[in-house]
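# Fold and geometry: a report
Below are the chains, spelled out letter by letter.
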Amino acid sequence: MIRPGERIAVAVSGGKDSLSLLRLLDWRRGASRDPYDLVAIHVRADARGRETPAHPILESWLRAQGYIYRMAETFQKPGESPPFGCQRCT
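Reference entry: report on the structure contained in this document. Just so we're clear, the structure is a prediction, and the values are computed from it rather than from any experiment. (Residues numbered from 1 in each chain as written. Predicted model: local features only at pLDDT ≥ 70, side-chain atom pairs only at ≥ 80, totals over all residues. Heavy atoms only, no water.)

## Notes on the sheet that holds strand 1 (residues 7–11)
Stated formally: Pairing between two strands is assigned when DSSP locates at least 2 bridges connecting them. Only DSSP runs of H or I reaching four residues or more are called helices, and only runs of E reaching two or more are called strands; each is numbered from the N terminus. For every element, the axis is a line fit to its C-alpha atoms; helices are fit only across the contacting stretch, and the angle between N-to-C directions ranges from 0 to 180 degrees.
If you trace the 3 strands from one edge of the open sheet to the other, you get 1-2-3, paired in parallel fashion. Each edge of the open sheet is held by one strand with a lone partner, namely strand 1 and strand 3 (68–73). For this sheet, the mean angle separating the axes of adjacent strands, direction not counted, is 25°. Here strand 2 (residues 37–44) pairs with strand 3 via 6 bridges, running parallel. Note on strand 3: the bridge partner recorded for His42 is Met71.

As structure tokens, then:
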């Protein structure tokens, strides 16, 4: 499924499921004859706004483990409804 030289993006929330997937793919990468890259991506889609701190613990952990990572933000404008049906937001 993973071809040599591919870059695999792993969406990480900071929870045990996504971090386990990242670590398993990293372990597989070390055991594989075919090299590939891993990139951890955390999308901060928080309706609480930019004032809410990002995920500093996750970012610190990714950095300490040596992962390539990207922290992306996406925010709603004040008063704008989410573009999806979210039970938590309604």
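## Concerning the side chain of Ser18
Under the convention used in this document: Two residues form a contact once any of their heavy atoms are found within 4.5 Å.
Along the polypeptide, Ser18 turns up in helix 1 (residues 16–31). What Ser18 contacts, discounting residues up to four positions off in sequence, is Val10, Ala11, Val12 and Ser13.

## So, the pattern of salt bridges
Between side chains of opposite charge, pairing is possible as soon as their charged atoms come close. The line we're drawing: Salt bridges are defined as contacts in which a side-chain nitrogen from Lys or Arg sits within 4 Å of a carboxyl oxygen from Asp or Glu.
Across all of its chains, the model carries 3 salt bridges by this definition. Among the salt bridges present, the one from Asp26 reaches Arg29, with a minimum N-O distance of 2.6 Å. Taken together, the positions of Asp26 and Arg29, both in helix 1 and 3 residues apart, correspond to about one turn of that helix. Between Arg63 and Glu59 there is a salt bridge, and its shortest N-O distance comes to 3.6 Å. Of the two residues, Arg63 and Glu59 both sit in helix 2 (residues 56–65), 4 residues apart, roughly one turn of that helix.

## A short note on helix 1
This is how the line gets drawn: Multiply 1.5 Å by the residue count of a helix minus one, and that product is the helix's expected span. For the exposure calls, accessible area comes from a 1.4 Å probe over protein chains only, and a residue counts as buried if that area is under 20% of its type's maximum, exposed if over 50%, partly exposed in between. This arc corresponds to the set of directions leading from the helix axis out to the C-beta atoms.
Spanning 16 residues, helix 1 covers 22 Å between terminal C-alpha atoms, matching the ideal 22 Å at 1.5 Å per step. For helix 1, the complete set of buried residues consists of Ser18, Leu19, Leu22 and Leu25. Buried residues in helix 1, looked at end-on, bunch into an arc of 125°, giving them a common side. Across from the buried face of helix 1, at angles greater than 90 degrees, the exposed residues are Lys16, Asp17, Leu24, Trp27, Gly30 and Ala31. Where helix 1 is buried, its residues contact strand 1, strand 2 and helix 2.

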